[in-house]
Amino acid sequence: MRTEDPVALATQAIVRRAEQRFQAHRLEIVTWTDRFFARLMVGQWLFGILIALVLSPYAWEGKVRTVHVHVWLAVFLGGAISVLPIALAVWRGGWVVTRHVIAAAQMLWSALLIHLTGGRIETHFHVFGSLGILAFYRDWTVLVTGTVIVVADHLIRGIAWPESVYGIVNPEWWRFLEHAFWVTFSVVFLAVSCLRSLKEMRLIAERGAHIEALSEAEWRRSSVLERAAKVPA
Amino acid sequence: MDRGMTGWVAFGVIWVLTVAAGFTFLWRYKLRPGEAEGPPAVWPTESRIPRRQDRATLVLFAHPQCPCTRASLAELARLMARFEDRLSADVVFLRPSDVGADWDHTDLWPRASAIRGVTTVRDDDGVEAARFRALTSGATALYDAQGRLLFGGGITSARGHEGDSLGLRRIRSLLLTGEADRHDAPVFGCALRNEPARRAARGSEEERQ
């Protein structure tokens, strides 16, 4: 059914414009965050190589030294982790798959850095820092992808090599839940923050569309008046 | 599916397989223990390392350049913090012949010296390591006050990885209760001698026998 009511038509136009403004703003944020992570991936790669070169440059057999496996892993595994997210950020910035691959890669970087620093407890904070940076996307589903990778890493290593995850040899069965709880604790609040940000972005888009409509109406009215003033009496 | 999308999917599959292979390699490397023969059942009388008569003595053999040994020293520090009153420890640093003057002056030596209750010892040409049959950096031997072996093995869970381990757990149990499910654990670290030197040492050992 075609509506002819000018108020309804104007409202529909404002709603459409608000949606356009919201999507454009969201794409801008997501694309910017993709590029930010591309640069972060390069930075983490260089940092990983630096850590390996400083902390474990060589493995030794008596007096004979060879380049430590950590150095090769920092170069090649670090490079492998980074290459797909960087390529996606450069050529497919804003694509939904890009940010999920970036989330997975960021968590894999946490795992690699933990190994390169010899399992230091301090490096485990990289996981929580990464979740915070992933919240830049304002897309809670990205946080879920990151959490799934952390959980998968904990599950696999928890079965094969429990002391590398839990710090003890025979962890109680619920230790997995304890770790998962603290990650989820962080993710829940970040997800709430993402949803609030989206709500605010939508509000800003609606206000912007209203202001645009008012400006347009004002411009039309002034044009009509100007034309009327120019018409000789 | 268009050609561009097929390319990204193929890239994604290769990426997943490559990263999985890389982490598998990493874990296998970290979990591969070094060589171990097990220390002698009784404290070697010819050893120049002083053994305490009133408490247990722990000897940890370290390659001064081995980065993995930082984790062993970190675990030793945790152990000493808890058992300083009933344990004396020596960290024995290898110093092969014909190496530069500064070869063994690495961050590991001050790190070990800083642990309360730990004495650092220089082991010229690995003589003490041979007496205690230590082949891998991080090899640890624990003897009671009478000089009987309580434990021989490593105190990390993987190569250069901090955190609790089977070895630590057994040492703790032995110090607290005098019992443990086993008296050894895998040693993770750099080899104290290279392969020709190990073969030569094994040859001279066989000749003596």
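Residues numbered from 1 in each chain as written. Chains lettered and ligands numbered in written order. Predicted model: local features only at pLDDT ≥ 70, side-chain atom pairs only at ≥ 80, totals over all residues.

S.K.: How should I be thinking about the pairing of strand 4 (residues 140-143) of chain B in this particular structure?
M.R.: Each regular strand displays side chains that alternate between the two surfaces of the sheet. All names here are of chain B. Where burial is concerned, the two faces of strand 4 agree: the one with Thr140 and Leu142 and the one with Ala141 and Tyr143 are both buried. With 4 bridges connecting them, strand 1 (residues 56-62) and strand 4 associate as antiparallel partners. Bridging from a neighbouring strand, Val59 pairs with Ala141 of strand 4. Hairpin geometry of strand 4 and strand 5 (residues 149-153) is characterised by an intervening segment of 5 residues between the two adjacent antiparallel strands and by a positive phi of about 85° at Gly147. (Buried ≥ 20, exposed ≤ 12 C-beta atoms within 10 Å, placed from the backbone. Helix = DSSP H or I, 4+ residues; strand = E, 2+ residues; numbered from the N terminus. Pairing = 2+ DSSP bridges.)

S.K.: When you look at the pairing of strand 1 (residues 58-61) of chain A in this model, what are you seeing that I'm missing?
M.R.: Residue and element names in this part refer to chain A. Inspection of the sheet shows strand 1 paired to strand 2 (residues 64-67) by 4 bridges, in the antiparallel sense. Directly across from Trp60, in strand 2, lies its bridge partner Arg65. Where strand 1 hands over to strand 2, the hairpin turn is made up of 2 residues, of which Gly62 adopts a positive phi near 65°.

S.K.: Sorry, what's going on with the sheet that holds strand 3 (residues 118-124) of chain B here?
M.R.: Sheet strands pair by backbone hydrogen bonding; their relative direction is either parallel or antiparallel. Residue and element names in this part refer to chain B. Taking strand neighbours across the sheet as the criterion, the 6 strands line up as 3-2-1-4-5-6 in an open arrangement whose pairing is mixed. Edge positions in the sheet fall to strand 3 and strand 6 (184-185), since each of these pairs with one other strand and no more. In the packing of helix 2 (residues 69-83) onto the sheet, the strands contacted are strand 1, strand 2 (87-95) and strand 3, and the crossing angle to strand 2 comes to about 160°. Seen against the sheet, helix 5 (residues 166-177) touches strand 1, strand 2, strand 4, strand 5 and strand 6 and runs at an angle of roughly 170° to strand 5. (Contact = placed C-beta atoms within 7 Å. Axes fitted to C-alpha atoms, helices over the stretch in contact; angles between N-to-C directions.)

S.K.: What is the right way to read helix 2 (residues 69-91) of chain A from this model?
M.R.: Counting along an α-helix, one turn takes 3.6 residues, and residues three or four places apart therefore face a common direction. An ideal rise of 1.5 Å per residue puts 33 Å on 23 residues; helix 2 of chain A measures up with 32 Å between its terminal C-alpha atoms. Where helix 2 of chain A bends most, at Val83(A), the angle is about 30°, and the proline Pro85(A) comes one to four residues later. (Expected span 1.5 Å × (residues − 1). Bend = angle between axes of the 7 residues up to and from the residue.)

S.K.: I tried to follow the nonpolar core on my own but got confused; where do I start?
M.R.: Buried together is how nonpolar side chains tend to be arranged in soluble globular proteins. Core analysis: the largest hydrophobic core is formed by 45 residues, its most contacted members being Leu60(B), Phe61(B), Ala62(B), Leu76(B), Val91(B) and Val92(B). Put simply, the parts of the chain that give this core at least two residues each are strand 1 of chain A together with strand 1, helix 2, strand 2, helix 3 (108-113), strand 4 and helix 5 of chain B. Sequence-distant contacts of Val91(B), defined by excluding residues within four places in its chain, comprise Leu60(B), Ala62(B), Ala112(B), Val118(B) and Thr120(B). Counting 44 residues, the second-largest nonpolar core is a separate cluster that includes Ala52(A), Ile86(A), Ile114(A) and Val187(A). (Core = buried A, V, L, I, M, F, W, Y, C linked by C-beta atoms within 7 Å.)

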